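Tertiary structure, described
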Amino acid sequence: MIPIIIDGVVQGLQFSLLAVGITLIYGLGGVLNLAHGQFAVIGGVTAALLIGGGMNVILACVLGVLASGLFGLIVDRSLLLPAYRYKGEERLLLGLILTLGLSFVVDGYLNYRVPDAALTVQLPYPSVTVAGITIRTASVATSVLAILAFLMLGAFLKGTLLGKAVRSIIQNEVGAELCGISATRTRTLIVCLSAILAGVGGVAQGVFSSLGSELGVELTIFALIVAVVGGVRSISGTLVAGILLGIVNAVASFYIGTYLTLIILLAAAMLTILVRPSGMLAYWT
Amino acid sequence: MLREISLEVQSGEAVGVIGPNGSGKTTLFKAIAGMLRPKSGKILFDGLRLDGLHTPDVARRGVVYVPAERELFPQMTVLENLELGAYANPRDRDDQFRFVFSLFPRLAERKRQLAESMSGGEQQMLAIARGVMAKPKVLLLDEPSTGLAPLLVAEMYRQLSQLKAQGLTILLAEQQVPHALAFCERTYVLENGWIKLSGRSSDLLGDPAIKRSYLGVG
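The structure presented is a predicted model; accordingly, all values stated were derived computationally and were not measured.

Some points on the packing of aromatic side chains
Residue and element names in this part refer to chain B. Under the counting rule described, the total for this entry stands at six aromatic pairs over all chains. Each ring, one from Phe 29 and one from Tyr 65, has its centre 6.1 Å from the other, and the planes form 75°; the classification is edge-to-face. With Phe 29 in helix H1 (residues 25-32) and Tyr 65 in strand S4 (residues 63-66), this pair connects stretches of sequence that are 36 residues apart. Accessibility expressed as a relative area gives 0% for Phe 29, which makes it buried. Their ring planes at 65° and their centres at 5.6 Å tell us that Tyr 157 and Phe 183 sit as a pair that is edge-to-face. One end of the pair, Tyr 157, is in helix H7 (residues 150-165); the other, Phe 183, is in helix H8 (residues 177-183), and 26 residues separate them in sequence. Classification of Tyr 157 by relative accessible area gives buried; the value is 6%. Just above the ring of Phe 73 sits the side chain of Arg 130; from NZ or CZ to the centre is 4.8 Å. The ring of Phe 183 has Lys 164 sitting right over it, with the charged end atom 4.7 Å from the ring centre.

Quick word on the sheet that holds strand S1 (residues 14-18) of chain B
Residue and element names in this part refer to chain B. In spatial order, the strands read S4-S5-S6-S1-S7-S8; together these six strands make up an open sheet with mixed pairing. Each end of this open sheet is capped by a strand with a single partner; those strands are S4 and strand S8 (194-200). Adjacent strand axes in the sheet meet at a mean angle of 15° when their direction is disregarded. Of the pairings in the sheet, the one linking strand S7 (residues 186-191) to S8 comprises six bridges and is antiparallel in character. Bridge pairing links Leu 190 to Ile 195 in S8. Packing of H7 onto the sheet brings it into contact with S1, strand S5 (138-142) and strand S6 (169-174), and relative to S6 it is tilted by some 155°.

Some remarks on the interface of chain A and chain B
On the side of chain B, 21 residues touch chain A, which itself brings 18 residues to the contact. Applying the counting criterion to the chain A and chain B interface returns two salt bridges. Among the salt bridges present, the one from A:Lys164 reaches B:Glu83, with a minimum N-O distance of 2.9 Å. Applying the counting criterion to the chain A and chain B interface returns six residue pairs in polar contact (both at pLDDT 80 or more). Listing elements by their share of the side of chain A that touches chain B, those giving two or more residues are helix H7 (161-171) and helix H8 (173-178) of chain A.

Digging into the pattern of salt bridges
In the structure shown here, the tally under the stated rule is 13 salt bridges over all chains. In this structure, A:Arg77 engages A:Asp76 in a salt bridge whose closest nitrogen and oxygen atoms are separated by 3.2 Å. Here A:Asp76 falls in the buried class, since its relative accessible area comes to 0%. Between B:Asp51 and B:Arg49 there is a salt bridge; the shortest N-O distance is 2.8 Å. We classify B:Asp51 as buried; its relative accessible area is 17%.

Rules used in this analysis
- Residues numbered from 1 in each chain as written.
- Chains lettered and ligands numbered in written order.
- Predicted model: local features only at pLDDT ≥ 70, side-chain atom pairs only at ≥ 80, totals over all residues.
- Heavy atoms only, no water.
- Phe/Tyr/Trp six-rings, centres within 6.5 Å; stacked < 30°, edge-to-face > 60°.
- Helix = DSSP H or I, 4+ residues; strand = E, 2+ residues; numbered from the N terminus.
- Buried < 20%, exposed > 50% of the residue type's maximum accessible area, 1.4 Å probe, protein only.
- Lys NZ or Arg CZ within 6 Å of the ring centre and 35° of its normal.
- Pairing = 2+ DSSP bridges.
- Axes fitted to C-alpha atoms, helices over the stretch in contact; angles between N-to-C directions.
- Contact = heavy atoms within 4.5 Å.
- Salt bridge = Lys/Arg side-chain N within 4 Å of Asp/Glu carboxyl O.
- Polar contact = N/O pair within 3.5 Å; in protein donor to acceptor, adjacent residues only side chain to side chain.

So this is what it looks like as structure tokens:
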């Protein structure tokens with residue numbers, strides 16, 4: 001049981017990394033990014049191809065993460081421009097359609113060019129044993145990376161002027177613009193940053209499973225559920241929700257199968273919307 | 001709706017805009033701040049055109065709008081709200097902090113408090129203070145007395161007088177006409193989008209039409 005829970009936590013942290021990006025892009029840009037899983041997969045596939053080509057593993061992973069960021073930057077400055085011309089619900093709808101289309105295009109292309117990309121990482125110590133429990137080194141490494149990414153995001157949002165500007169736009173866009181803060185430029189930065197976080201998740205995912213074309217959709221769905229349960233405006237809520245749902249996912253997949261697990265997770269999201277529409281931790285943060 | 005209006009504010013001057021609800025005061029301010037685009041005409045500041053600029057760029061040029069709705073960041077502390085006010089020129093931030101806290105000592109006492117947890121009067125002070133943090137060349141104050149008790153309004157105008165004494169240029173929209181006329185050297189009277197009257201505030205005080213419609217005497 002305990003190894004399954006640990007697996008769940010490891011996986012949940014990756015979900016949180018994607019979910020927090022969905023949360024930020026939604027809070028700041030008013031767009032619900034349905035191609036977020038694909039942002040992640042692009043990072044993983046890039047890293048896999050570079051490692052396959054003989055590049056140093058760490059360098060390849062860094063470049064993979066940056067590829068996700070670059071992709072996010074390009075999407076924000078091109079595909080999403082028509083959506084940004086509108087406000088509120090119209091922007092949300094147009095954004096949904098545009099990013100859903102993008103996810104099909106990316107999946108189709110990856111399926112055609114790199115149908116079976118996989119990250120093969122040889123670590124000097126494949127596993128470590130702590131208190132009688134054996135954990136894969138890769139699990140430890142990806143979890144540490146995810147937690148570090150979260151801490152850095154928190155420090156950026158709470159401790160830097162730019163991070164405060166990001167929060168100010170989420171809270172009151174008119175007020176932010178009156179202070180001389182450009183919502184457009186900050187939004188581009190956040191889409192890029194969220195894509196980088198997704199890239200970290202994608203590279204980490206690639207260490208454990210193959211990067212097939214169905215992974216993108218799967219990651220998007222998990223991340224959306226985590227974002228809803230955690231509260232689309234709360235970052236610490238997203239982290240906690242990711243870990244909890246990761247555990248539920250791992251335990252339920254092991255005992256009752258993946259199909260029913262997805263139903264359980266979606267039910268959790270529905271229940272959250274009914275009981276606490278603004279997320280689990282909405283009143284704490 | 002505003003039609004064919006022409007206004008002028010000299011450096012260091014406090015100019016008032018008075019008129020009933022819906023006369024176009026807020027429309028005028030939003031046009032200057034870049035939140036609404038005029039269909040025709042020009043808005044000039046220091047010889048450069050402001051019309052056509054986006055709101056953040058107008059603010060960066062030193063024309064700072066403090067709307068009646070305040071538009072604060074509710075879940076941020078007083079300190080963070082002020083810090084963001086100085087977003088465009090962080091170099092002068094420490095000086096501006098000192099100045100703002102000497103002007104509004106109550107904000108210094110409450111600097112760790114969330115903006116949403118403060119009273120209406122304190123929120124209004126914070127909105128003005130956030131505008132001042134930008135070290136503006138012109139401050140556009142839209143109905144700063146909205147929702148404040150009379151005693152607080154008097155206190156706020158004493159604080160605004162200190163700002164004026166520092167040489168800040170102020171354009172003020174106000175429904176509480178006696179306050180506006182006492183505070184501003186010159187005043188424009190707006191009605192249905194037209195400038196009906198304008199002149200020195202002291203002359204307007206004696207104008208029979210103003211007395212009748214706005215001061216409730218005569």
